[in-house]
Amino acid sequence: MITIDHVSRRFGDGLDAVVALDDVSIEVQRGEIFGVVGQSGAGKSTLLRTVNALERPDSGTVTVDGTVITGLEGAALRQARHKIGMVFQHFNLVGNRTVAQNVEFALEAVGVKGDERRGRALEMLDLVGLAHRAKDRPAQLSGGQRQRVGIARALASQPDVLLSDEATSALDPETTRQILDLIKRLSGELGLTVLLITHEMDVVKRICDSAALMEQGRVVEQGALEQLIRTPGSRVAAELFPVGEAHYTPGHRIIDVTYTGLSADRPVIAQLSRDFGLDVSILGAALETIRGHQAGRTRLAVPGDASVALKVIDRLTSQGVTAWEVHP
Amino acid sequence: MIDPAAPEFWPQLFAVLLEGTWETLYMTAIAMAITFVVGLPLGIVLVGTEPGRFLEAPLGQRWLGRAINAVLGFVVNLGRSVPFIVLMIALIPVTRWLLGSFIGTGPAIVPLTLVAIPFFVRVVEIAVREVDPGLFEAAESLGASRWLVVRRVLLPQAWPAIALGTATTVTSIINFSAMVGVVGGGGLGNVALTYGMQRYSALHIVFVVIILFVIVQVVQWLLTRLARRLSGATPAAGRTARRTERAALDLDDASIVSAPTRGDTDSPTR
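Because the structure is predicted, anything quoted here is derived from the model rather than measured.

**Examining the packing of helix α1 (residues 9–48) of chain B against helix α8 (residues 188–197) of chain B**
Packed helices, taken two at a time, are described by the angle between their axes plus the distance between the axes. Residue and element names in this part refer to chain B. Close contact between α1 and α8 brings their axes to 7 Å; oriented N to C, the two are set at 140°. One element, α1, and the other, α8, form an angle in the oblique class. Every residue of α8 that contacts α1 at Val 16, Leu 17, Gly 20, Thr 21 and Thr 24 is listed here: Leu 188, Val 191 and Tyr 195. For the contact of α1 with α8, the residue count by class is 5 nonpolar, 3 polar and no charged.

**Considering the UniProt feature "transmembrane region" (unreviewed entry) in chain B**
Residues and elements named next belong to chain B. Sites flagged by UniProt as "transmembrane region" (unreviewed entry) map to residues 25–47, 68–92, 98–121 and 202–223. Summarising residues 98–121: 79% helix, 0% strand, and an end-to-end C-alpha distance of 23 Å. Split by type, residues 202–223 is 100% helix and 0% strand. Its first and last C-alpha atoms lie 32 Å apart.

**Describing the pattern of salt bridges**
All names here are of chain A. Within the structure shown, the criterion is met by 28 salt bridges over all chains. Across the pair Glu 288 and Lys 205 runs a salt bridge, and its minimum N-O distance is 2.8 Å. Within this pair, whereas Glu 288 is found in strand β12 (residues 281–290), its partner Lys 205 is found in helix α7 (residues 201–207), the two being separated by 83 residues in sequence. Judged on exposure class, the residue Glu 288 and its partner Lys 205 are both buried. Two residues, Asp 275 and Arg 315, come together in a salt bridge whose shortest N-O distance is 2.5 Å. Placement of the pair is Asp 275 in helix α10 (residues 268–276) and Arg 315 in helix α11 (residues 306–318), with a sequence separation of 40 residues. What makes Arg 315 partly exposed here is its relative accessible area of 28%.

**Describing a nonpolar patch on the surface**
On the surface, Val206(B), Ile210(B), Phe213(B), Val214(B), Val218(B), Trp221(B) and Leu222(B) cluster together into a nonpolar patch covering about 680 Å² of accessible area. By secondary structure assignment, the location of Phe213(B) is in helix α9 (residues 202–230).

**Examining the pairing of strand β14 (residues 322–326) of chain A**
All names here are of chain A. Most of β14 sits inside the fold, with 4 of its 5 residues counted as buried. Examined bridge by bridge, strand β11 (residues 252–260) and β14 share 5 bridges and lie antiparallel to one another. From the neighbouring strand, Thr 258 faces β14, where its bridge partner is Thr 322.

**A short note on the interface of chain A and chain B**
Each partner contributes residues to the interface: chain A has 42 residues there, and chain B has 37 residues. Around 3,200 Å² of area is buried between chain A and chain B when both sides are counted, 48% of it from carbon and sulfur atoms. Per-residue buried area on chain A facing chain B is highest for Asn96(A), Phe105(A) and Gln140(A); these three make up 19% of the total on that side. Viewed at the interface, chain B and chain A are joined by 4 salt bridges. The closest approach of N and O atoms between Arg151(B) and Glu108(A), which form a salt bridge, is 4.0 Å. Along the contact surface separating chain A from chain B lie 7 residue pairs in polar contact (both at pLDDT 80 or more). Examining the composition of the side of chain A that touches chain B, we find that 7 residues originate from one element, helix α5 (residues 143–155) of chain A, more than from any other. Partitioned by chemical class, the residues of the side of chain A that touches chain B number 12 nonpolar, 14 polar and 16 charged.

**Some thoughts on the packing of aromatic side chains**
Residue and element names in this part refer to chain B. Considering all chains together, one arrives at 9 aromatic pairs over all chains under this definition. For the ring pair Trp 10 and Phe 207, a centre distance of 6.2 Å and an interplane angle of 85° mean the geometry is edge-to-face. Note that Trp 10 is positioned in helix α1 and Phe 207 in helix α9, a separation of 197 residues in sequence. For Trp 10, a relative accessible area of 36% corresponds to the partly exposed category. Overall, Phe 207 belongs to the partly exposed group, its relative accessible area being 22%. The rings of Phe 9, Trp 10, Phe 14 and Phe 207 are connected pair by pair, giving a single aromatic cluster.

**A few points about the side chain of Arg9(A)**
All names here are of chain A. Residue position: Arg 9 is located in strand β1 (residues 2–11). At 3.4 Å, the side chain of Arg 9 and the side chain of Asp 58 are in polar contact. When neighbours within four sequence positions are excluded, Arg 9 is seen to be in contact with Val 18, Val 19, Ala 20, Leu 21, Thr 46, Glu 55, Arg 56, Pro 57 and Asp 58.

**Focus: the sheet that holds strand β4 (residues 59–64) of chain A**
In spatial order, the strands read β2-β1-β4-β5 (chain A); together these 4 strands make up an open sheet with antiparallel pairing. Each edge of the open sheet is held by one strand with a lone partner, namely β2 (18–28) and β5 (67–68) of chain A.

**Overview of the nonpolar core**
Core analysis: the largest hydrophobic core is formed by 112 residues, its most contacted members being Val103(A), Leu125(A), Ile151(A), Leu162(A), Leu240(A), Ile44(B) and Val180(B). Counting residues per element, this core draws most heavily on helix α7 (residues 146–177) of chain B, at 12 residues. The residues that make up this core include at least three from each of domain 1 (2–229) and domain 2 (242–325) of chain A. Ignoring any residue separated from it by four or fewer positions in sequence, one finds Ile151(A) in contact with Val87(A), Val128(A), Ile179(A), Leu182(A), Ile183(A) and Leu186(A). Within the second largest apolar cluster, 32 residues are counted, among which are Met1(A), Val36(A), Ala42(A) and Leu195(A).

**A look at the domain arrangement of chain A**
All names here are of chain A. With domains assigned, chain A is organised as domain 1 (2–229) and domain 2 (242–325). For domain 1 and domain 2, the distance between their C-alpha centres works out to 38 Å. Across the interface of domain 1 and domain 2, roughly 710 Å² is buried in total on both sides, 51% from carbon and sulfur atoms. Of all residues in domain 1, the largest losses of buried area upon contact with domain 2 belong to Lys 205, Glu 226 and Ile 229, amounting jointly to 73% of the total for that side. Applying the counting rule to domain 1 against domain 2 returns 1 salt bridge. Joining domain 1 to domain 2, the criterion identifies 2 residue pairs in polar contact (both at pLDDT 80 or more). A total of 3 residues in the side of domain 1 that touches domain 2 trace back to one element, the largest contributor, which is α7.

About the cut-offs
- Residues numbered from 1 in each chain as written.
- Chains lettered and ligands numbered in written order.
- Predicted model: local features only at pLDDT ≥ 70, side-chain atom pairs only at ≥ 80, totals over all residues.
- Heavy atoms only, no water.
- Axes fitted to C-alpha atoms, helices over the stretch in contact; angles between N-to-C directions.
- Helix = DSSP H or I, 4+ residues; strand = E, 2+ residues; numbered from the N terminus.
- Parallel < 35°, antiparallel > 145°, perpendicular 65-115°, else oblique.
- Contact = heavy atoms within 4.5 Å.
- Nonpolar A, V, L, I, M, F, W, Y, C, P; charged D, E, K, R; others polar.
- UniProt positions renumbered as here; feature names shortened; annotations may be inferred.
- Salt bridge = Lys/Arg side-chain N within 4 Å of Asp/Glu carboxyl O.
- Buried < 20%, exposed > 50% of the residue type's maximum accessible area, 1.4 Å probe, protein only.
- Patch = residues over 30% accessible without salt bridge, like charges linked within 9 Å, V, L, I, M, F, W, Y side chains within 5 Å.
- Areas by Shrake-Rupley, 256 points an atom, 1.4 Å probe, with all protein chains shown as cover.
- Pairing = 2+ DSSP bridges.
- Buried area = accessible area lost by both parts, 1.4 Å probe.
- Polar contact = N/O pair within 3.5 Å; in protein donor to acceptor, adjacent residues only side chain to side chain.
- Phe/Tyr/Trp six-rings, centres within 6.5 Å; stacked < 30°, edge-to-face > 60°.
- Core = buried A, V, L, I, M, F, W, Y, C linked by side-chain atoms within 4.5 Å.
- Domains from an automatic or database assignment.

This is the structure:
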């Protein structure tokens, strides 16, 4: 649905030049929620803005639903933007216009007129549970409510794609969860493809199907979340499961065990100790709910050499969990 | 020397003041009206054509935006740097060409307008610059046309500052209008000049000062009120207090005590 193909963007010239995007390629499938994580300054925001051409790349192309966005100008670009909604960290609502007028603005941009416009704006507000606040000003709403208005505005023109620029970063944890659940629900109901950027791993954990990790303008890792947590050395997975540092322990091998779904309920480690007669010690463990499913990772220290480690990994794999040796 | 004890003094004084006040208001109102109509779009264009703004490439031409911006900025600075008295004299041929005459209250409006426009353009410039860039970005992301952005985002957000700036502009037009006696213009300034200075009537000066003070006060009061209304701070007098209270409660999500209404799902009390 969204194809970002070898996109680069630098700001400034010569020695002062900052490379915001360094040959970035990302593929977002239709209907999925794709999260780009990274620290501030990693280039996430610039990347997101290339998708609706708020930012123009120096090289590379961005394609949304078959349309090459990077090649569009003027009226054609405006048309394309009607199919790409965007929500912002600080909501960006016009303060001295009512909530309804803010949503109507999006419809005005599309050319919807009069009663139909008012009606559809109200429908959108109803969708986010704020129809009763239509005549209020944004300042009279809480942060979470304001973001709902932002979402209603972004979706008013019935886009296929929603871009989210740190939409929950200015909100408290409880409100963050409500907004994320709303995005998730609406993406399902309306068949939206969502590309979001965030610096919070919790956002990825809660709603993302796929994720990419960005660092200094580069994508260092990307893929479906289920796949990433089963990938040895994945940094996204390491962020999701904080099991601590892998310290070298003499005479021991360190093994990471990752389990999802049903295998999370089975006592695989206890069984391991019993079957092999090994004194397995647990160095760290993290249990998380990822997109509504239990998933966990345990870091074990197993006494013995490489052959023992291999045997243990084989056994664990046969029991439906993912395991690999970690070299400190 | 005028004798304040003479029986015809007070009726004459009031006649003179009435005429002077009318002339001042007339000159100021027309000069302000023209200034507003001309200065508002120029101010918007001046900011809009800056790099990275919504008009940086009018008709798709980046160089055109740069050129318009440079020329406009130059003209505005030029206009602002010429002293009014010099401008007034320098404009005499222009006024004569425009109106057929350069002497009198009507022709005096020409230099008044030309001194006010650059001032007002700066007023609009500051007001537009204050608008949150995020709002332009949001509007752009929605695929809004430039005209729609100006109408629905830029102007609503800039109106309060423009209203306040208009009060300042009116005050400075009144200020400059006191000098148009030089080209035969009337008004309260001229009253002070001809009666107060040349004929030593202190009472004329006192009344001129009082009337000017009242005019400026009223203009300032009216436009400040207008600015407050435009900023959306008070949707309606009666509802304000209640709304503000509710907003305060909503913002402090954790402390909501009233029963949440349908859709208020942000409150953790549910």
